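Observations on the three-dimensional arrangement
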Amino acid sequence: MDKITTALHGVIALSPIPAQPTSAEVYRWLTEVQSGRNGSEFRIKLRSAPRLRVEQVFTRNEDTKARLFNDEYGAIRRRWGVPIWSQAQFVGSLSSGATSVNCDTDVYEFVDTSLALVWQSVDQFEVVEIDVVGSGALTLVAALSASYAFAYVMPLRVGFVDDSIDMMRTGANDVVKISYDVEDNVVLATSAPTQYLGQDIYYEAVLKNGESYDLQILANEDVADYQLGRLDRKAPWTYTRQLSNYQRLLKNPIEVYGFKQWMHRRAGKYRAFWLPSFENDVRVKNAGSITTTLQWHRDSYDEWATDRTHIAVEDTSGVWYPRTLSAVSVVDATTLQGTLSSSLGGLTAATIRRISYLGLKRLATDQMKLEWLGNSVARCNFSVLELSP
């Protein structure tokens, strides 16, 4: 029953039990980073598409565990169909003989000439082959072989079991964990967002969890110890770096898809981007309208932070203005003045919500993990490294 023959991939095994919360999708890019002694980087993208590992947890009862144990026992090193349960969408009733399925194809990752799973229960399902993904519908290669009163449809990837199949047996129910390495992962199409100095820039504070995040200030240090009581210390990096640890909560399929597009645009460590700190780093002292001259509190800037020349000004309506500071000078004991790279167009000081430092950043690792919490909600923990201010 769970041994399926397809024209695209031949015989595949399939577990028709829905995955539980705590299942996950792990995306793995590969970037070669060549680092200079001064902290500069040259990055090479080595994979055109990320590898995908799908980690799924199931609970099976007395009615299904014998059948599925046999599937796992016999097919552990065979090719498997991997239902993407996180993208299951309810499509209602479907009639036998139908050659298309109406569903959302905008934020669900269906692909031409691939597989999908039509599912109603562990005993009522079928694997279908997609001919064309259209706007709001899937055109099938062959007609449905059965009718369904309340069906779900989802992408069906193809892959192999990674390492072992792990289970906890209680005599009644089994809890099973299977990780699949997917062969036919998709590459999401992305477009360049707003640019600043030739790099992507983002102004949404969506990388934070809304409450807090952890930040580390880093600088490389070379220590020469001659064992004579004296240490020589050198700091070769041109810029101090920051490592921020974020958690992103995605509350619906639209947010999940948008975040996946952002991940694919980043391609792991490969593509850098500008991002404000979302803190009030530069405390404005101007009065009235501002064009190209900015005054702000000294706050030790001229002593320790003169390399932070890139800033983003946010007004009270949420509009951001990225600018570069130059010709910084001391006005008095508490005030600095600098020239902006372009005019703020007469923006009044009273309408400035904050001025944040801008940093050129990238993902700290090539791996991103989406944990599924249930009801199409996902969570992602990841780190971002600032390369230069």
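Since we're looking at a predicted model, the values are computed, not measured.

This paragraph deals with the overall build of the protein. Secondary structure summary: the protein contains 3 helices and 31 strands in total. Relative to its length of 389 residues, the protein is extended, with a C-alpha radius of gyration of 27 Å against a globular reference of 21 Å. Taking the principal axes of its C-alpha atoms as reference, the protein extends roughly 80 × 60 × 35 Å. Residue burial in the protein is summarised as follows: out of 389 residues, 45% are buried. By sequence separation, contacts in the protein at least 24 residues apart represent 73% of the contacts at least 6 residues apart. Total accessible area on the protein stands at roughly 18900 Å², and carbon and sulfur atoms take up 48% of it. For the protein, the distance from the average position of its 40 positive side-chain charges to the average position of its 45 negative side-chain charges is 4 Å.

This part takes up helix 1 (residues 65-75). Helical geometry: 3.6 residues make up each α-helical turn, so side chains three or four residues apart lie on a common side. Listed as buried for helix 1 are K65, R67, L68, D71, E72 and A75. When helix 1 is viewed along its axis, its buried side chains cluster within an angular range of 165° and face the same direction. Every exposed residue of helix 1 that faces more than 90 degrees away from the buried side is listed here: A66, N70 and Y73. Elements in contact with the buried residues of helix 1: strand 2 (10-14), strand 6 (51-60), strand 7 (79-83), strand 11 (124-134), strand 14 (166-169) and strand 15 (174-182).

Turning our eyes to something else, we now look at unusual backbone geometry. Although it is not a glycine, F278 adopts a positive phi angle of roughly 65°. Residue class for F278 comes out buried when judged on its relative accessible area of 6%. In this structure, S300 takes a positive phi of about 65° despite not being glycine. Examined against the element boundaries, S300 turns out to sit in the loop between strand 24 (293-297) and helix 3 (301-304).

Among the secondary structure elements, T292 is positioned in the loop between strand 23 (289-290) and strand 24. Residue classification places T292 among the partly exposed positions, given a relative accessible area of 29%. Each C-alpha atom of the pair T292 and G338 lies 8.3 Å from the other, and the pair is 46 residues apart in sequence. Not counting residues within four places of it along the chain, the set of residues in contact with T292 comprises G338, T339, L340, S342 and S343.

This part takes up the pairing of strand 2. Summarising the sheet, strand 1 (residues 3-6) and strand 2 pair through 4 bridges and their orientation is antiparallel. Across the sheet, residue I4 finds its bridge partner in strand 2, namely I12. Between strand 1 and the antiparallel strand that follows it, strand 2, lie 3 residues. Of the strand pairs in this sheet, strand 2 and strand 7 are connected by 2 bridges, and their pairing is parallel. Paired with L14 across the strands is G81, a residue of strand 7.

So, about the side chain of S15. Inspection of the secondary structure puts S15 in the loop between strand 2 and strand 3 (24-28). We classify S15 as buried; its relative accessible area is 6%.

With 14 residues, helix 2 (residues 253-266) extends 20 Å from end C-alpha to end C-alpha; this agrees with the ideal 20 Å at 1.5 Å per step. V256, Y257, F259, K260, W262, M263, H264, R265 and R266 are the residues of helix 2 that are buried. With a side-chain oxygen lying 3.1 Å from the backbone nitrogen of I254, the N-terminal cap of helix 2 falls on N252. A positive backbone phi angle near 55° is found at A267, which sits one or two residues after helix 2.

With that settled, consider the pairing of strand 15. Here 9 bridges tie strand 6 to strand 15, and the two strands are oriented antiparallel to one another. Along strand 15, the bridge assignment pairs F58 with V176. The pairing of strand 13 (residues 148-161) with strand 15 spans 3 bridges and is antiparallel. Opposite V161, over in strand 15, you have Y180 as the bridge partner. Here strand 14 pairs with strand 15 via 4 bridges, running antiparallel. Counterpart to M168 in the pairing with strand 15 is V175.

Within this structure, the stated rule accounts for 18 aromatic pairs. Each member of the aromatic cluster is reached from another via a ring pair, and the members are Y202, Y213, Y246, F259, W262, F273 and F382. Lying over the aromatic face of W237, R241 brings its terminal NZ or CZ to 4.7 Å of the ring centre.

With that settled, consider the pattern of salt bridges. Counted according to the given criterion, the structure contains 25 salt bridges. Here D123 ties to R67 by a salt bridge, and the two come within 2.9 Å at their closest N and O atoms. Of this pair, D123 sits in the loop between strand 10 (114-121) and strand 11 while R67 sits in helix 1, placing them 56 residues apart in sequence. Look at D123 and you get exposed, because its relative accessible area is 52%.

Once that is clear, we can look at a nonpolar patch on the surface. Taken together, the side chains of F90, F150 and Y152 present a nonpolar region at the surface, about 310 Å² in accessible area. Note on placement: Y152 falls in strand 13.

Quick look at the nonpolar core now. Ranked by internal contacts, the top residues of the largest apolar core, which has 61 residues, are L117, F259, W262, M263, M368, L370 and F382. Here this core takes 6 residues from strand 31 (residues 377-388), the largest share from any one element. Among the nonpolar cores identified, the runner-up in size contains 20 residues, and L94, V118, L144 and A151 belong to it.

Rules behind the numbers
- Residues numbered from 1 in each chain as written.
- Predicted model: local features only at pLDDT ≥ 70, side-chain atom pairs only at ≥ 80, totals over all residues.
- Heavy atoms only, no water.
- Helix = DSSP H or I, 4+ residues; strand = E, 2+ residues; numbered from the N terminus.
- Rg over C-alpha atoms; globule rule 2.2 N^0.38 Å.
- Buried < 20%, exposed > 50% of the residue type's maximum accessible area, 1.4 Å probe, protein only.
- Contact = heavy atoms within 4.5 Å.
- Areas by Shrake-Rupley, 256 points an atom, 1.4 Å probe, with all protein chains shown as cover.
- Lys, Arg positive; Asp, Glu negative; His and termini not counted.
- Charge placed at Lys NZ, Arg CZ, Asp CG, Glu CD.
- Arc of directions from axis to C-beta.
- Pairing = 2+ DSSP bridges.
- Expected span 1.5 Å × (residues − 1).
- Polar contact = N/O pair within 3.5 Å; in protein donor to acceptor, adjacent residues only side chain to side chain.
- Phe/Tyr/Trp six-rings, centres within 6.5 Å; stacked < 30°, edge-to-face > 60°.
- Lys NZ or Arg CZ within 6 Å of the ring centre and 35° of its normal.
- Salt bridge = Lys/Arg side-chain N within 4 Å of Asp/Glu carboxyl O.
- Patch = residues over 30% accessible without salt bridge, like charges linked within 9 Å, V, L, I, M, F, W, Y side chains within 5 Å.
- Core = buried A, V, L, I, M, F, W, Y, C linked by side-chain atoms within 4.5 Å.

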